[in-house]
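Results of the structural survey
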Amino acid sequence: MGTEAGDGELAATLRRIERAAGTLATASVGRMDETLPWFRELPAEQRSWVMLVAQAGVRSLVEWLRSLPSSTDRGAGGVTDSPQEVSDEVFAAAPRALARSISLQQTVALIKVTIDVVEQQVPHLAAPGEERLLHEAVLKFSREIAFAAARVYARAAESRGSWDARLQALLVDALLRGDSPDVLASRAAALGWSDAPPVAVAVGRSPGGEVAAVLHTIYRVTRRLGLEMIGGVHGDRLVVVLGGVADPLAATEKLLAGFGPGPVVVGPAVPSLDSATDSARAALAGFRAAPAWPAAPRPVAAGDLLPERALAGDPEARRSLRQDVYAALVRAGGELLETLDAFFAAGGVLESTARTLFVHPNTVRYRLRRVADVTGFSPLTARDSFALRMALTIGRLDPSAPVGPGTGH
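What comes next is a walk through the structure. (Residues numbered from 1 in each chain as written. Predicted model: local features only at pLDDT ≥ 70, side-chain atom pairs only at ≥ 80, totals over all residues. Heavy atoms only, no water.)

1. Things to note about the packing of helix H1 (residues 11-19) against helix H4 (residues 44-66)
Taken N-terminus to C-terminus, the directions of H1 and H4 make an angle of 170 degrees; their axes are 10 Å apart at the nearest point. In terms of orientation, H1 lies roughly antiparallel with respect to H4. Listed contacts from H4 to Leu14, Ile17 and Glu18 of H1 are Val58, Val62, Leu65 and Arg66. Across the contact of H1 with H4, the residue classes break down as five nonpolar, no polar and two charged. (Axes fitted to C-alpha atoms, helices over the stretch in contact; angles between N-to-C directions. Helix = DSSP H or I, 4+ residues; strand = E, 2+ residues; numbered from the N terminus. Parallel < 35°, antiparallel > 145°, perpendicular 65-115°, else oblique. Contact = heavy atoms within 4.5 Å. Nonpolar A, V, L, I, M, F, W, Y, C, P; charged D, E, K, R; others polar.)

2. Examining unusual backbone geometry
Backbone torsion omega between Pro197 and Pro198 reads -15 degrees, so that peptide bond is classified as cis. Inspection of the secondary structure assignment puts Pro198 in the loop between helix H10 (181-190) and strand S1 (199-205). Cis geometry marks the peptide bond from Arg298 to Pro299; its omega dihedral reads 5 degrees. The residue Phe358 is not glycine, and still its phi comes out positive at about 55 degrees. Checked against the element boundaries, Phe358 lands in the loop between helix H17 (350-357) and helix H18 (361-375). Overall, Phe358 belongs to the exposed group, its relative accessible area being 76%. (Buried < 20%, exposed > 50% of the residue type's maximum accessible area, 1.4 Å probe, protein only.)

3. Points about the packing of helix H15 (residues 315-332) against helix H16 (residues 336-345)
Where H15 contacts H16, the axes come no closer than 8 Å and their chain directions differ by 125 degrees. Relative to H16, H15 is oriented oblique. Judged by residue contacts, Tyr326, Leu329, Val330 and Ala332 of H15 engage Leu336, Leu337 and Leu340 from H16. Residue composition of the contact of H15 with H16, by class: seven nonpolar, no polar and no charged.

4. A word on the nonpolar core
With 28 residues, the main nonpolar core has Trp193, Val201, Val203, Val241, Val265, Leu273 and Ala276 as its most contacted residues. Those elements that provide at least two residues to this core are helix H9 (131-177), H10, S1, strand S3 (237-243) and helix H13 (276-289). Top contributing element to this core by residue count: H13, with six residues. Ignoring any residue separated from it by four or fewer positions in sequence, one finds Val201 in contact with Val239, Val240, Val241, Val265, Val266, Gly267, Ala276, Ser279, Ala280 and Ala283. (Core = buried A, V, L, I, M, F, W, Y, C linked by side-chain atoms within 4.5 Å.)

Shown next as structure tokens:
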């Protein structure tokens, strides 16, 4: 049965390291200041955290050396490759905020500097005859301390990812409810949202699985595109808020791999997060109505689903068709409504429409082009014709619709 190093071999070396612990930590931080430019720029508070970790690291080295097996257990090969690990408690000396302030790569650089300082002091720290053994032990300790740092950062990332996912879900929920701008602003600020205009909301089916992983898939793509992103999973729906998106449809098309199967609907672009509720509501209404248009593109704009949304009971779609389409035709005056009615009655045949109206077919073509200019919908395409029919029906059924020449009332 082997003895502990602290009771026999390396005992004198351990006493020397314990006495030099403070000096080693101070020398390590001084070397960091000399060799790492980014370390010099850290605030004083964060530099003090690093000093605490360095001191805890030296103490951990002592404890780790005490736990080394004796030479009987090691055999002739020197330091064993036993599965002992450095406790993660070495990093408990500093607040968790340190993991957010300093990256894992930077932490590894700090560890390397500290180990270099200790290695250079081996001739002074080791008792006579124990230099090689201490040197080998320090090398193995450096590997174990790096593994411990990786575990700490992995847990911090997992915890932060879960927290961010919950916070994003709360923000998306506030958007859907139409909460006050102050509530939206405070939650968005906690997520680092810069509110780059314009803003748009996309809704599709969630692919399932861990919410943090779902959002991370979307986040990786938006980061490459240079966009802001906040997302949430509500039931089986994935809601993604995009900021700084000049072309919401094109951007969402690049995100399709992050959505589950089925339609993906994109709301209209709005100036800021404060008004993103309008975009979110349009996207959600479009998502509910999208199954009525099986041939819809993916993604599809919520505005292209106005007829289906109106049939599904979306009041905003009904208002848009009544005010932006039907009322626009009324305000335009002339014979646009009469021509549109005759065109639909003739099954979309120009010549038959012209005979009904006692005009030349070119006159009918001109009026139909005017309809497209006024409403944004062309009677000559099937989808737009469907929207125009819905607009005429809703406008004439709604008593609040304006009445003017050519309405037939």
